[in-house]
Amino acid sequence: MLGRIAAAWKKAKCPVLFSGAGMSTESGLPDFRSARGLWKQQPESLATPEAMFGQPDAFYFFYQWRIARLWEVAPNLGHLRLAQLEQAGFLQKVITQNVDGLHQRAGSERVVELHGTLRTVSCLSCRAGYDSRQMLPARSDWEADYQEGRYRRGDECRCPRCRGMLRPDVVLFGEGLPEEAWTEAVRWSRQADFFVVVGSSLAVSPANLCPLWAVERGARLLIINAEPTPLDDRADWVIRTPAAEALDRIADEVLISAENPAEASVGP
Ligand SMILES: [Zn+2]
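This one's a predicted model, so the numbers in the text were calculated from it and none came from an experiment. (Residues numbered from 1 in each chain as written. Predicted model: local features only at pLDDT ≥ 70, side-chain atom pairs only at ≥ 80, totals over all residues. Heavy atoms only, no water.)

Asks: How would you summarise the coordination of the zinc ion if you had to cite specific residues and measurements?
Replies: Each protein donor to the zinc ion is listed here as C123 (SG), C126 (SG), C159 (SG) and C162 (SG); together their distances run 2.3 to 2.4 Å. Because the angles between the 4 donor atoms bound to the zinc ion fall within 98 to 116°, the donor set is best described as tetrahedral. In primary-sequence terms, the residues that donate to the zinc ion follow C-x2-C-x32-C-x2-C. Given the relative accessible area of 34%, C162 is considered partly exposed. (Donors = N, O, S within 2.8 Å, 3.2 Å for Na, K, Ca; no water. Tetrahedral: all angles 85-135°; square planar, octahedral: opposite > 155°, others 65-115°. Buried < 20%, exposed > 50% of the residue type's maximum accessible area, 1.4 Å probe, protein only.)

Here it is as C-alpha cells:
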C-alpha cells in the first residue's frame, strides 16, 4: 500500500497536509488534557478570555506550564520528513491545528497555523511580540508554588516595554480563527489534489472542513490517525500506525524514487 501512496503523492501537483495533536505525540509533548490532577478546573475553561481577565493566576500558570513543556521537546522524525518533502518540492502547504511550532522548528516554511502559536506572546497594549519564553518565571520553584497553592503570576506576564499584559498568541476558546490563516487554509484545501490528514480525529469544526473540501474537489485523501475519523470512508487510504513511523516510510518511497527517476523503467 505504501508504494501506491507514494506513487500518487509523487504524481500530485499540489500535495497539502493537515496535522493535529497526534502529529506531536511522538515528540513527547504532554497533552494538557492528560495532565490530570494538575489543573484545579477544566482546561477548556482556563483557555478563555474570561479566565485571562477573571482568573489571571490560573490562566497564566496554565500557559506558562504549556510553554515550558513546549520548549523542552523537539520535532520528531515525522516533522523532519515533512520538512524534507517540502524542500524537495513534494509538499505545498502544511495546515496545522497545533500551536507547538514543531513543524517550523523541523524546517517547514510553508505552514498555516489555524489556532495560532505558543512560540510567541504579544502585548495587549502596544502589540509588541516576544518569544514565549519571555513569559516564563525566572524563579525555578514556580511549579512547586502552584502545587502548594502559593503561585502568583509575576512581572514576566507584563510587557518589558510598556508594562501592558502579555498574552499567548493562540486562539482561545470563544475567539474566532485568525482570518488570514483561515483564508489560506480554505484556498489550499480547495487547490489540493492530494490531501494528507495526520494525527487529527477531525472532530473540531471548522478545521475538519479542509479535507472535506479537498475531497469534494477530487483530491485523493490519505488519513494517518490512530483512531477512526468521520472521513475514513471518503479516504483513498487509511493508516493506523503512529504518525512519525508512517511518514518516515512514505517519505522514503517518495524521496528515494525521486532521486532515481529512471529506476522504475530500467530493464534487466
Ligand atoms: Zn507593550
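Asks: How would you explain the UniProt feature "binding site: Zn(2+)" (unreviewed entry) in the protein chain if you had to name every residue and give the values?
Replies: The UniProt feature table records "binding site: Zn(2+)" (unreviewed entry) at C123, C126, C159 and C162. A maximum C-alpha distance of 8.5 Å places the annotated residues, which cover 40 residues in sequence, within one compact spot. Its location among the elements puts C126 in the loop between β4 (116-123) and β5 (129-131). C126 gets classed as partly exposed once you look at its relative accessible area, which sits at 37%. Apart from the residues within four sequence positions on either side, C126 is in contact with C159 and C162. (UniProt positions renumbered as here; feature names shortened; annotations may be inferred. Helix = DSSP H or I, 4+ residues; strand = E, 2+ residues; numbered from the N terminus. Contact = heavy atoms within 4.5 Å.)

Asks: Could you give an account of unusual backbone geometry, naming the residues involved and the relevant values?
Replies: Positive phi, close to 70°, is recorded for R163, a residue that is not glycine. Here R163 is to be found in the loop between α7 (142-147) and β6 (166-170). Judged by relative accessible area, R163 falls into the partly exposed class, the value being 44%. At L202, a residue that is not glycine, the phi angle is positive and equals roughly 55°. Mapped onto the elements of the fold, L202 is located in the loop between β7 (194-198) and α9 (209-216). Judged by its relative accessible area of 4%, L202 falls in the buried class.

Asks: How would you sum up the domain arrangement of the protein chain? Please name residues and give values.
Replies: Its domain assignment divides the protein chain into domain 1 (1-29 + 75-115 + 176-260) and domain 2 (30-72 + 118-170). With centres defined by C-alpha atoms, the gap from domain 1 to domain 2 works out at 30 Å. Across the boundary between the two partners, domain 1 contributes 8 residues, which contact 9 residues of domain 2. Both sides together, the interface formed by domain 1 and domain 2 hides about 750 Å², and carbon and sulfur atoms give 56% of it. Contact with domain 2 buries area across many residues of domain 1, yet L29, V99 and R105 alone supply 68% of it, more than any other trio. At the boundary of domain 1 and domain 2, one finds 0 salt bridges. (Domains from an automatic or database assignment. Buried area = accessible area lost by both parts, 1.4 Å probe. Salt bridge = Lys/Arg side-chain N within 4 Å of Asp/Glu carboxyl O.)

Asks: Provide a residue-level description of the sheet that holds β4, including the pertinent values.
Replies: Across the sheet, which stays open at both edges, the 3 strands sit in the order β5-β4-β6 with antiparallel pairing between neighbours. Looking at strand neighbours, the two that pair on one side only are β5 and β6, the edges of this open sheet. Adjacent strand axes in the sheet meet at a mean angle of 40° when their direction is disregarded. Inspection of the sheet shows β4 paired to β5 by 3 bridges, in the antiparallel sense. Of the residues in β5, the one forming a bridge with T120 is D131. Here helix α4 (residues 56-70) sits on the sheet and contacts β4 and β6; the angle it forms with β4, its principal contact strand, is near 130°. (Pairing = 2+ DSSP bridges. Axes fitted to C-alpha atoms, helices over the stretch in contact; angles between N-to-C directions.)

Asks: Can you break down helix α1 (residues 2-11) residue by residue, with the values?
Replies: Listing the buried residues of α1 in full gives L2, I5, A6, A8 and W9. Projected onto a plane normal to the axis of α1, the buried residues spread over an arc of 165° and lie on a single side. The outward face of α1, more than 90 degrees from its buried face, is lined by the exposed residues R4 and K11. (Arc of directions from axis to C-beta.)

Asks: I'd love a proper account of helix α8 (residues 179-191), names of residues and values included.
Replies: The end-to-end C-alpha separation of α8 is 18 Å, in line with the 18 Å expected for 13 residues at 1.5 Å each. Taken together, the buried positions of α8 are occupied by A181, A185, V186, W188 and S189. On its buried face, α8 is in contact with β1 (15-19), β2 (93-96), β3 (111-113), β7 and α9. (Expected span 1.5 Å × (residues − 1).)

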